[in-house]
Amino acid sequence: MNYSVHTPIVGQRPPSSTGDAQGSGAPAAPPRAQGPHIGFRPDIEGLRAIAVVLVVLSHAGISTFAGGYVGVDVFFVISGFLITTLLLKELGKTGTISLPGFYARRAIRLLPVSTVVLVATVVAAWLWLPATRFKSISLDALFSTFYGINWRLAYEGTDYLNATAAPSPLQHLWSLAVEEQFYLIWPLLLLAVWAGRRANRRALFALSALVVVSLIVSVQQTTSAAPWAYFGSHTRAWELGIGALVAVGAGFLRRTPKALAAVLTWGGLVAVVIAAVTFDEATAFPGYHALLPVLGTAAVIAGGTSAEGWGAGKLIGTGPFRFIGKLSYGWYLWHWPVLMIWPAAFARDASIKTNLIFAVAALGLAWVTYHTVENPVRTRPGLRSRARNGLALGLVLSASAAIFALIIGQFTPPLPAGPAAADTQAEVAAAADPQARITELITASLGGEKLPKNLNPKVTDAGAQSPQIYDDQCHFNYTQVEQNRECVYGDPAGAKTMYLIGDSHAAHWFPAVDDVAKNNGWKLVALTKAACQLPQVLTYNSALKRNYTECVTWRDQIVKRVADAKPDLLVMASNDLDNGGIVGEDGQIIPRAGAEDDPVWVARWKQTWAKFNGIPKVLLQDTPWPAEDAPECAAENARRLAKCDRPLTRAIAEKNRRELVAGAARTAGIRVIDPTPWFCDATKCPIIVGNVLVYKDNSHMTLAYAHAISPLLDRALFPAR
């Protein structure tokens, strides 16, 4: 799963508006002791414009700005500064903060436009995106309504089976969720420390503590649990806190010499741009890398409190920047779903040129909603004058969006279906020659047109199905290590025992291996782990964005367990890929050019086999891969399924490595089973065989197909029977 999706927070508005720091008014002055009212800051409006453009260019696919996602960090800092400025002003005037008033202003500012975008996106997804994705998108809408989508995305980011899922068109709302979670706590904390003398100093201390703790957690989790670090409010709070610190210290900062302040603004602006052009998806983010854009933004804001003449505000405070900044909230809400949905709506592949065209179209949508929704609602007198009216509006909009998401999620877009197809499982089970029958079914399925009406499972249900060992915690995710469960299946009372070990491409064989074990009266022990192949290698995990040390620990534990158990048969299965690459002895990823890492892969397989001396072993080779997510391909091509057939030569991943490993295994006396004939004919591989959908995603078998080919696996494992 891709989680480098970002959204800004909001745009600042001229003094005539409601005074919300998210863009609905000029930031008010902090308490009198901190200095005079800072007034409208055109440089901040322009800073938003720069951040917006960086993120849009990144999402449009311009590689120069691959790190443009730092724009969201810029918005966090700006929001922290403006919101805290408003809170301090209110504390200075009244000695307290009206929490109903605060949240009412945020509801009036944020919810009308976000609700319009959310509903429009869900409707567009129903009309144009694959039906397989709709339930997930409707859930995203529900979580977004109550500002919890960041936690949903963090959880899905650690789920290996979601690693290749297409990004949600609502994924960008995670940053709004982070911000609102921060503002549930910050006003209360500010109130708690404000009573009595030296309130400003206590606020500074409390905020500094929050920033330090959050930053430490961010750095730690970025190296251990990247998705949680990326989407978590606990790891992003320090960024808003930095902006708040600038607000608390505004009185001191206004005394900065103008020349130094000007240098700060330009230096900060350069830091943001450097981050945008040097960072990319491989950058471990946020962690300490986020310091560059965050401190750069803080420098622009801090220097702008004093700089005049030649500060960066002279450039970014001009009309064009302010125009983009004014529309920043709406543009960010619209640009991501537009970029995600337009290729499906127009049945065209995305390109940089067309992405830029549609990004500009999204800016047009932002202009329309600004003038028809955003501005009219936030300036409505009845909502501005009474907090309860604003809160009521927020409640109605949130409840309506939630009900809409719940209801529409029950109506998956229909797919056309053709005649019923042969029952693959029954046909293979009854065949005197299962291989001959499966070949016939594969050949008959190639070049198909419509989905069979008796398809099993339905394309909209396949992705949610997983083997039993997932629920039983016998298949581990990325971060799980200690496996103390028995994980016994097959015939628990069987006199003989077989083990199934490997990664998720061993786990997807579990239904078939379990069938074989039961049919032969064998006890089965199944132990697998996501993306953890059996060769004794350390790999780089692209999802965690670090070396996959958990795999090494788990694998060593399982290898010892098998060696000690000395089963009657060991079935080993792993995919032939290595995730983000093999880490060499020098700590660097071994280059792939010329397949330099293939000999290493083979040598490390031999190290694993050596630990199983005396145990009968079978190497179950990897299954062919479809060209893309199979259920999505079927949904997108429900009237022309032949488009999902894949040439056999392209369906075999890492062919050279696969052949080298198989040759070494046979030399070592290990039986090798090649399952390719169970999936493909001599030239092509379909994604549907008879009435069974073969794959649940881009590589893993459905439960139904694993059961259907279990007679073939039975004969391969026990050829003498």
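This text follows the structure it describes.
Cut-offs and rules
- Residues numbered from 1 in each chain as written.
- Predicted model: local features only at pLDDT ≥ 70, side-chain atom pairs only at ≥ 80, totals over all residues.
- Heavy atoms only, no water.
- Core = buried A, V, L, I, M, F, W, Y, C linked by side-chain atoms within 4.5 Å.
- Buried < 20%, exposed > 50% of the residue type's maximum accessible area, 1.4 Å probe, protein only.
- Helix = DSSP H or I, 4+ residues; strand = E, 2+ residues; numbered from the N terminus.
- Contact = heavy atoms within 4.5 Å.
- Phe/Tyr/Trp six-rings, centres within 6.5 Å; stacked < 30°, edge-to-face > 60°.
- Lys NZ or Arg CZ within 6 Å of the ring centre and 35° of its normal.
- Disulfide = S-S within 2.5 Å.
- Salt bridge = Lys/Arg side-chain N within 4 Å of Asp/Glu carboxyl O.
- 1 Å grid on protein atoms, 1.4 Å probe; cavity = no way out; pocket = protein on both sides within 12 Å on 5 of 7 lines; lining within 4 Å.
- Points joined across faces, edges and corners; volume = space filled by probe spheres on them.
- Patch = residues over 30% accessible without salt bridge, like charges linked within 9 Å, V, L, I, M, F, W, Y side chains within 5 Å.
- Areas by Shrake-Rupley, 256 points an atom, 1.4 Å probe, with all protein chains shown as cover.
- Pairing = 2+ DSSP bridges.
- Axes fitted to C-alpha atoms, helices over the stretch in contact; angles between N-to-C directions.
- Parallel < 35°, antiparallel > 145°, perpendicular 65-115°, else oblique.
- Left-handed = near helix turned anticlockwise from the far one by under 90°.
- Nonpolar A, V, L, I, M, F, W, Y, C, P; charged D, E, K, R; others polar.
- Expected span 1.5 Å × (residues − 1).
- Bend = angle between axes of the 7 residues up to and from the residue.

Asker: Mind showing me how you'd approach the nonpolar core here?
Answerer: Side chains of a nonpolar character, in soluble globular proteins, are inclined to be buried together. Ranked by internal contacts, the top residues of the largest apolar core, which has 109 residues, are Leu47, Trp174, Trp186, Leu190, Ile301 and Trp331. Among the elements that make up this core, the one with the highest residue count is helix 2 (residues 71-94) (12 residues). The contact partners of Trp186, leaving out residues within four places of it in the chain, are Thr84, Leu87, Leu207 and Ala244. Residues Tyr470, Phe510, Val602 and Phe718 belong to the second largest nonpolar core, which totals 98 residues.

Asker: Sorry if this is basic, but what is going on with the side chain of Thr497 here?
Answerer: Assignment of secondary structure puts Thr497 in strand 5 (residues 496-502). If near-sequence neighbours (up to four positions away) are discounted, Thr497 is found in contact with Trp522, Lys523, Val525, Pro567, Asp568 and Leu569.

Asker: Would you mind showing me how to read the packing of aromatic side chains here?
Answerer: The geometry of an aromatic ring pair is captured by the separation of the ring centres together with the interplanar angle, meaning the angle of the planes. The tally for this structure, following the rule as stated, stands at 23 aromatic pairs. Judged by centre distance (5.6 Å) and plane angle (70 degrees), the ring pair of Phe75 and Tyr332 falls under edge-to-face. Of this pair, Phe75 sits in helix 2 while Tyr332 is found in helix 15 (residues 328-346), placing the two residues 257 residues apart along the sequence. Both residues of the pair, Phe75 and Tyr332, count as buried. The lysine or arginine in question, Arg236, covers the ring of Tyr230, its NZ or CZ lying 4.8 Å from the ring centre. Across the ring face of Trp601, the terminal group of Arg657 is positioned such that the distance to the ring centre comes to 4.5 Å.

Asker: Just checking my understanding: could you explain the state of the cysteines for this structure?
Answerer: In a disulfide, the sulfur atoms of two cysteines are covalently bonded to one another. Tallied over the entire structure, the rule returns four disulfides. One disulfide bridge connects Cys474 with Cys487, the sulfur atoms lying 2.1 Å from each other. One disulfide, between Cys474 and Cys487, carries an S-S torsion of -95 degrees and so falls in the left-handed class. On the criterion of sequence distance, the pair formed by Cys474 in the loop between helix 21 (468-471) and strand 3 (475-476) and Cys487 in the loop between strand 3 and strand 4 (488-490) is long-range, its members being 13 residues apart. One exposure class covers both Cys474 and Cys487, and it is buried. Residue Cys633 pairs covalently with Cys644 via a disulfide, S to S 2.0 Å. Of note, the bridge from Cys633 to Cys644 carries an S-S torsion of about -105 degrees and is left-handed in sense. One end of the pair, Cys633, is in helix 26 (residues 630-636); the other, Cys644, is in the loop between helix 26 and strand 11 (646-647), and 11 residues separate them in sequence. An identical accessibility class is assigned to Cys633 and Cys644; each is buried. Counting only the cysteines that form disulfides, in the order they appear in the protein, gives the pairing 1-2, 3-4, 5-6, 7-8.

Asker: In this structure, what is going on with the pattern of salt bridges? I would like to understand it.
Answerer: It is possible for side chains of opposite charge to pair when their charged atoms get near one another. Summed over the entire model, instances satisfying the criterion amount to 22 salt bridges. Note that Asp564 and Lys560 form a salt bridge whose closest N and O atoms lie 2.8 Å from each other. Of this pair, Asp564 and Lys560 are both found in helix 24 (residues 549-565), four residues apart, which corresponds to roughly one turn of the helix. In this structure, Asp564 and Lys560 share a single accessibility class: exposed. A network of salt bridges, in which partner residues are shared, links Asp578, Asp597, Asp598 and Arg657.

Asker: Would you mind going over empty space enclosed by the protein with me for this structure?
Answerer: Per the counting criterion, the structure on display carries three cavities of 30 Å³ or more. What the largest cavity holds in volume is close to 140 Å³. Along the walls of the largest cavity sit Leu111, Ser114, Thr115, Leu118, Ser144, Thr145, Tyr147, Leu173, Leu176, Leu397, Ser398 and Ala401, which together make up its complete lining. Counting only elements with at least two residues in the lining of the largest cavity, the list comes to helix 3 (99-128), helix 4 (134-145) and helix 18 (387-408). No other element matches the four residues that helix 3 contributes to the lining of the largest cavity.

Asker: Got a minute to help me understand a nonpolar patch on the surface in this structure?
Answerer: On the surface, a cluster of nonpolar side chains totalling about 410 Å² of accessible area is made up of Ile403, Leu406, Ile407 and Phe411. As for its position among the elements, Ile403 is in helix 18.

Asker: Hey, could you run me through the pairing of strand 10 (residues 617-620) in this one?
Answerer: Regular strands place their side chains on alternate faces of the sheet. Burial along strand 10 is two-sided: the residues Lys617 and Leu619 and Val618 and Leu620 are all buried. Sheet topology places strand 9 (residues 569-573) next to strand 10; three bridges connect them, and they run parallel. Residue pairing in the sheet places Leu570 in a bridge with Lys617 of strand 10. Looking at chain direction, strand 10 and strand 12 (residues 671-673) are connected through three bridges and run parallel. Each residue of the ladder has a partner; that of Leu620, found in strand 12, is Ile673.

Asker: Can you help me understand unusual backbone geometry in this one?
Answerer: Leaving glycine out, the prevailing phi sign among residues is negative, and the prevailing peptide bond configuration is trans. Residue Pro286 is reached from Phe285 by a cis peptide bond, and omega for that bond is 10 degrees. Topologically, Pro286 is positioned in the loop between helix 11 (258-278) and helix 12 (291-304). Each neighbour pair has its own omega, and for Asn456 with Pro457 the value is -5 degrees, a cis peptide bond. Topologically, Pro457 is positioned in the loop between strand 2 (451-452) and helix 21. Positive phi values are uncommon outside glycine, yet Tyr147 reaches one of about 55 degrees. Among the secondary structure elements, Tyr147 is positioned in the loop between helix 4 and helix 5 (149-157).

Asker: How should the packing of helix 1 (residues 42-60) against helix 16 (residues 352-378) be read in this particular structure?
Answerer: Packed helices, taken two at a time, are described by the angle their axes make and the gap between the axes. Two elements in contact, helix 1 and helix 16, have axes separated by 9 Å at closest approach and are oriented at 140 degrees. On the basis of the axis angle, helix 1 is oblique to helix 16. Here the hand of the crossing between helix 1 and helix 16 comes out right-handed. Contacts between helix 1 and helix 16 pair Val56, Leu57, His59 and Ala60 from the former with Ile352, Asn355, Leu356 and Ala359 from the latter. Here the residues of the contact of helix 1 with helix 16 sort into six nonpolar, two polar and no charged.

Asker: How should helix 15 be read in this particular structure?
Answerer: Since the α-helix packs 3.6 residues into each turn, any two residues three or four apart lie on the same face. The end-to-end C-alpha separation of helix 15 is 26 Å, in line with the 27 Å expected for 19 residues at 1.5 Å each. Of all the bends in helix 15, the largest measures some 35 degrees and sits at Leu339, one to four residues before the proline Pro343. The element helix 15 is largely enclosed, with a buried count of 15 among its 19 residues. Residue Ala347 follows helix 15 closely and has a positive phi angle near 50 degrees.

Asker: Whenever I open this one, the environment of Gly287 confuses me. Can you help?
Answerer: Positionally, Gly287 belongs in the loop between helix 11 and helix 12. What makes Gly287 buried here is its relative accessible area of 2%. The spatial distance from the C-alpha of Gly287 to the C-alpha of Ser218 is 5.0 Å, given a sequence separation of 69 residues. Not counting the four nearest positions on each side in its chain, Gly287 is found in contact with Leu215, Ser218, Val219, Thr222 and Trp238.

Take it as geometry only, folks, not as evidence of what the structure does.
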